[in-house]
Each structure stands twice: as structure tokens, then as C-alpha cells.
Amino acid sequence: MKLSFEQQPKESDKAFAAFALYLSLGAERSVRAVGEKLGKSEGLIERWSAKYDWVSRVQAHALHLAVVEREASEALVRSQAAIWLKRQTEIREREWGLHEKCIAAGEKALAAFMEKEKVYANLADIARILEVASKMGRLAAGMPTDRTEVTGEDGGPIQVEFKAALEKIYGEPLPADVVDVQPAALPEGK
């Protein structure tokens, strides 16, 4: 099926050429300008414009270009996303491999240290390599590496003031009149 801005059935080549020129004029577009450029009468150009609905066809062309541009942008974003996902996967795999090697080296150094064998690292060095290996493994696995604790003032515990919390939720209490009620006298004998 032809798009509305393509040559239409029963539209002559000359009429379509006039429409194509009209379409290409952009912001300067007018039937008068088309008539002048083609050496045709403005009346003929107006009849072709009305008969073949040039205004709607120009709008359809603009919408078509917007769709094409959006699709091209989406295709570019998808291809870039695929490239970056591949890069992220490669980095994660490489970091996981380094994590495994560091863990193995740390375990070997710790075992040598514990057996009092010839060791080229002290306990602080071994702890540091294991800490780095753990962090690398967590990053590669997408796990958090830091633990954050929420504390109150000066690092103390968080204290909740219920009255302030209730007022924050419900607002200030409404003023009320205090009415002193006297107990009714009971009939005698009761």
C-alpha cells in the first residue's frame, strides 16, 4: 500500500512533481511558490493541492519522518546497550577470575603463615588481600560491598518520639472543652 505522500493513483507525473516540490520547500512552502518555480498558474497548483490533499500529505510525511527517526534512535540505543552489556559481562568475568586467584593466594599465604613456613607476607598483608578479593567478588557478583548503619545523634541509638510522630501523621490535636459532669443523684434506696 502506498504512503499518502507517495504518488497517488490517477495523480499525473506533473501533479506529483508539483507536490514533491511543495513538500521540499519546508517552511517556505506555498502554492504560489510552486507555481512560480514550475511556471504554472497558481490556480492549477491550487486545484492539484485540493484534489490531492497536499496539506494532509505533508503532515503524513512529517509523521512518517518522526517515526523513522524514533526507530533509528531506538535501534542505535539497543545496539549500544548490547555492546555495553557485553563489556560489563566481560569485566565481571575478568574480575571474578581475579577474585578467585586472590582468594587462592590469600588462602595459600594464610596456610603457610599458620604452619610457620617460609612466608613473604605478614598477617596484615594476608588480611588485606582477602579483603580486596572479597570486595572484587562482591562487585563482580553485583552484591553490596559496604554496610551502612543508621544511627542517632553522636552515633547513639535512634530514639523515636511517639508524640512527635503522631503529630506529624495526624497533625496537632484539636482543642477541646473540658466539661465537668456531676454524677446524678441516685433515687433513695438504690
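Our subject is the structure listed above.
In this text, all values refer to a predicted model and were calculated from it rather than measured experimentally.

S.K.: Describe helix α3 (residues 42-51), naming the residues involved and giving the relevant values.
M.R.: Quick reminder: α-helices carry 3.6 residues per turn. Residues three or four places apart thus point the same way. Listed in full, the buried residues belonging to α3 are I45, W48 and S49. Buried residues of α3, viewed axially, fall in a sector of 100°; they line one side. Exposed side of α3, more than 90 degrees from the buried face: R47, A50 and K51 are the residues found there. Residues of α3 that are buried sit in contact with α1 (13-24), α2 (31-38) and α4 (54-114). Just beyond α3, the residue with positive phi is D53, at close to 50°.

S.K.: Run through the pattern of salt bridges, naming residues and quoting values.
M.R.: Counted according to the given criterion, the structure contains 5 salt bridges. A salt bridge links R57 to E11, with the shortest nitrogen-to-oxygen separation between them at 2.9 Å. Linking R57 in helix α4 with E11 in the segment before α1, this pair joins segments that are 46 residues apart in sequence. Given a relative accessible area of 3%, R57 falls into the buried group. For E11, a relative accessible area of 4% puts it in the buried group. For R128, the salt bridge goes to E131, with nearest N and O atoms at 3.3 Å. With a gap of 3 residues between them, R128 and E131 both fall in helix α5 (residues 123-141), about one helical turn apart. Among the residues examined, R128 registers a relative accessible area of 48% and is labelled partly exposed. We classify E131 as partly exposed; its relative accessible area is 49%.

S.K.: Could you give an account of the packing of aromatic side chains, with specific residues and numbers?
M.R.: Under the defined criterion, the tally for this structure stands at 3 aromatic pairs. Seen from their ring centres, F16 and F19 are 6.3 Å apart, and the 40° between their planes marks the pair as tilted. Placement of both F16 and F19 in helix α1 is noted, with a separation of 3 residues, approximately one turn of the helix. When its relative accessible area of 0% is taken as the criterion, F19 is described as buried. Between F19 and W54, the aromatic rings sit 5.9 Å apart at their centres with planes inclined by 55°, giving tilted as the arrangement.

Calculation criteria
- Residues numbered from 1 in each chain as written.
- Predicted model: local features only at pLDDT ≥ 70, side-chain atom pairs only at ≥ 80, totals over all residues.
- Heavy atoms only, no water.
- Buried < 20%, exposed > 50% of the residue type's maximum accessible area, 1.4 Å probe, protein only.
- Helix = DSSP H or I, 4+ residues; strand = E, 2+ residues; numbered from the N terminus.
- Arc of directions from axis to C-beta.
- Contact = heavy atoms within 4.5 Å.
- Salt bridge = Lys/Arg side-chain N within 4 Å of Asp/Glu carboxyl O.
- Phe/Tyr/Trp six-rings, centres within 6.5 Å; stacked < 30°, edge-to-face > 60°.

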